[in-house]
Amino acid sequence: MAVNGTGNGAMAVNGTGNGTTGPSKTVLVTGGAGYIGSHAVLQLLAAGFRAVVVDSLGNSSELAVRRVAALAGEHARNLSFHKVDIRDKDGLEKVFSSTRFDAVIHFAGLKAVGESVQKPLLYYDHNIVGTINLLEVMAAHGCKKLVFSSSAAVYGSPKNSPCTEEFPLTPHNPYGRTKLIAEEICRDIYRSDPEWRIILLRYFNPVGAHPSGYLGEDPRGTPNNLMPFVQQVAVGRRPSVTIFGNNYATKDGTGVRDYIHVVDLAEGHVAALRKLFDNSSNIGCEAYNLGTGKGTSVLEIVNEFEKASGKKIPLVIGQRRPGDAEILFSVARKAERELNWKAKYGITEMCRDQWNWASKNPYGYESPDSPKQNGSNSH
Ligand code: NAD
Ligand code: UDP
């Protein structure tokens, strides 16, 4: 695989992208080196799109992009990467000046709820200032199609589930508020200019990894979420998982969530793009839940992961985590109806693929004996 550093933070991955039968649409993917973004880029390439990734690498590794290229095979010629922070408007402007984009998928941002409480301005800077920069540069270049990574965090802790897109939007923390504010900005720009076509995807709990075991979640520092924590216990990096409360009014007392396989989630982005490019449909600015519609408890996930890995996960019962919802799962019928998308995988596949990734990359992309460090196409 050829990786051409150009000195300005850009690299062309695997070839020139000048094939005679090139893809018809070019998509900018902000945050495309991250957990969800890398899986989505791979699916986009497989679906025949050209993908240009922009990422600061603040919470990710360039190796993720190289592995996407390796997995994409011949489609890798349609992938390029620029190390740019979206808060750097000039940097974004350069990327837009060099390529005409048909649409943008905007993943880039910070996502740790606890950190957002400690450092709200940092979160508003990345998630709001960064988004405004992006929207301004898009508008200046006449690119008015956007898929935005929103979150179930915009719902806060609804009194009951399943949760539809019409539920009140009452986020509990600065992270959730950045997502809601970004959604409101999108609704406002559409109202001001109906040429915009915007899809807001509210993800529930993304877990799992690409079935190859070469792409997955690689959090920096202590994981904030359940699944990466369980994974790190399974590979021996941490002694036990603390269960945040076992006295909820749920089937076994532990919190219930809607876990969704990251490959299903990635497919949801391809479905959203297809909708944006379907001129026969009126989009406006529309929000969709992406979940499975099924609620799974913490204990059920841990049990399933133990089965997949053959490892015992020691558990400690701890206090409830402040602000946690008791039960939160989706109704994803709107996405099924309007985007023609439905999650295919259940928690068995989620845990299987999570373990496959974890066992091959116990320390994430930087694992010493990790496969495909150089992205060579040898799988
Ligand atoms: P991630 O941290 O793995 O990916 C985000 C990527 O954005 C990283 O590669 C990071 O380096 C990059 N980034 C951050 N700030 C940036 C900036 N200012 N400029 C350029 N790049 C920047 O997270 P993820 O889980 O892949 O999440 C992707 C998106 O989905 C985020 O917007 C997140 O809020 C949203 N989301 C995630 C979850 C989840 O549980 N993973 C749930 C709901 C919504
Ligand atoms: N959880 C837990 N221990 C952990 C992390 C999470 O018991 O170390 C629980 C948490 O209380 C919630 C579920 O696992 O019920 C999912 O938490 P996560 O942080 O992954 O997602 P979110 O709460 O943001 O939906």
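Please read all numbers here as calculations on a predicted model, not as lab measurements.

1. Details of the side chain of Gln231
Mapped onto the elements, Gln231 comes out in helix α7 (residues 226-234). When its relative accessible area of 5% is taken as the criterion, Gln231 is described as buried.

2. Focus: the confidence of the model for the protein chain
Summary statistics for the protein chain give a mean pLDDT of 91 and a share of 91% for residues scoring 70 or more. Across residues 1-21, confidence stays below pLDDT 50; counting only partners more than four residues off in sequence or on other chains, it has 43 contacts.

3. Here's the deal with the site of ligand 2
Residues in close proximity to ligand 2 total 13 residues, the closest being Thr242, Phe244, Arg257, Arg321 and Asp324. At 2.9 Å from an oxygen atom of ligand 2 is found a main-chain nitrogen or oxygen belonging to Leu226. At 2.8 Å, a side-chain N or O of Arg257 approaches an oxygen atom of ligand 2. In isolation ligand 2 offers 520 Å² of accessible surface; the protein chains occlude 88% of this area. Across the shell around ligand 2, the residue classes tally to 5 nonpolar, 5 polar and 3 charged.

4. Here's the deal with the site of ligand 1
Residues in contact with ligand 1 amount to 28 residues; listed here are only the nearest, Asp55, Asn59, Ser60, Phe107 and Tyr175. In the model, a nitrogen atom of ligand 1 is placed 3.1 Å from a nitrogen or oxygen of the Ser56 main chain. Take Ile86: an N or O atom from its main chain is 2.9 Å from a nitrogen atom of ligand 1. When isolated, ligand 1 has an accessible area of 810 Å², and the protein chains bury 96% of it.

5. Here we look at helix α9 (residues 298-309)
For α9, built from 12 residues, the straight-helix expectation of 16 Å at 1.5 Å per residue is met to within 8% by its first-to-last C-alpha distance of 16 Å. Buried residues of α9: Val298, Ile301, Val302, Glu304, Phe305, Glu306 and Ser309, and no others. Looking at the buried positions of α9, the neighbouring elements they touch are α7, β10 (241-244), β12 (259-261), β14 (296-297), β15 (315-318) and α11 (347-360). In the stretch just after α9, Gly310 is the one whose phi turns positive, near 70 degrees.

6. Concerning the environment of Pro168
Along the chain, the position of Pro168 falls in the loop between β7 (145-151) and α6 (174-192). Judged by its relative accessible area of 58%, Pro168 falls in the exposed class. Those residues in contact with Pro168 that lie beyond four places of it in its chain are Val154 and Tyr155.

7. Quick look at the pattern of salt bridges
Counted under the stated rule, the structure contains 21 salt bridges. Here Arg191 and Asp188 are joined by a salt bridge, their closest N and O atoms 2.6 Å apart. One end of the pair, Arg191, and the other, Asp188, are both in helix α6, 3 residues apart, so they sit about a helical turn from each other. Judged by its relative accessible area of 57%, Arg191 falls in the exposed class. Among the residues examined, Asp188 registers a relative accessible area of 44% and is labelled partly exposed.

8. What about the sheet that holds β14?
Taken together, 3 strands build an open sheet; the order of strands is β14-β11-β16 and the sheet is mixed. The sheet is open, and its two borders are formed by β14 and β16 (327-328), each paired with just one other strand. As defined by bridge partners, strand β11 (residues 256-257) adjoins β16 across 2 bridges and the pair is classed as parallel. Bridging across to β16, Arg257 finds its partner in Leu328.

What counts and what doesn't
Residues numbered from 1 in each chain as written. Chains lettered and ligands numbered in written order. Predicted model: local features only at pLDDT ≥ 70, side-chain atom pairs only at ≥ 80, totals over all residues. Heavy atoms only, no water. Helix = DSSP H or I, 4+ residues; strand = E, 2+ residues; numbered from the N terminus. Buried < 20%, exposed > 50% of the residue type's maximum accessible area, 1.4 Å probe, protein only. pLDDT = per-residue confidence, 0-100. Contact = heavy atoms within 4.5 Å. Near = heavy atom within 4 Å. Polar contact = N/O pair within 3.5 Å; in protein donor to acceptor, adjacent residues only side chain to side chain. Areas by Shrake-Rupley, 256 points an atom, 1.4 Å probe, with all protein chains shown as cover. Nonpolar A, V, L, I, M, F, W, Y, C, P; charged D, E, K, R; others polar. Expected span 1.5 Å × (residues − 1). Salt bridge = Lys/Arg side-chain N within 4 Å of Asp/Glu carboxyl O. Pairing = 2+ DSSP bridges.

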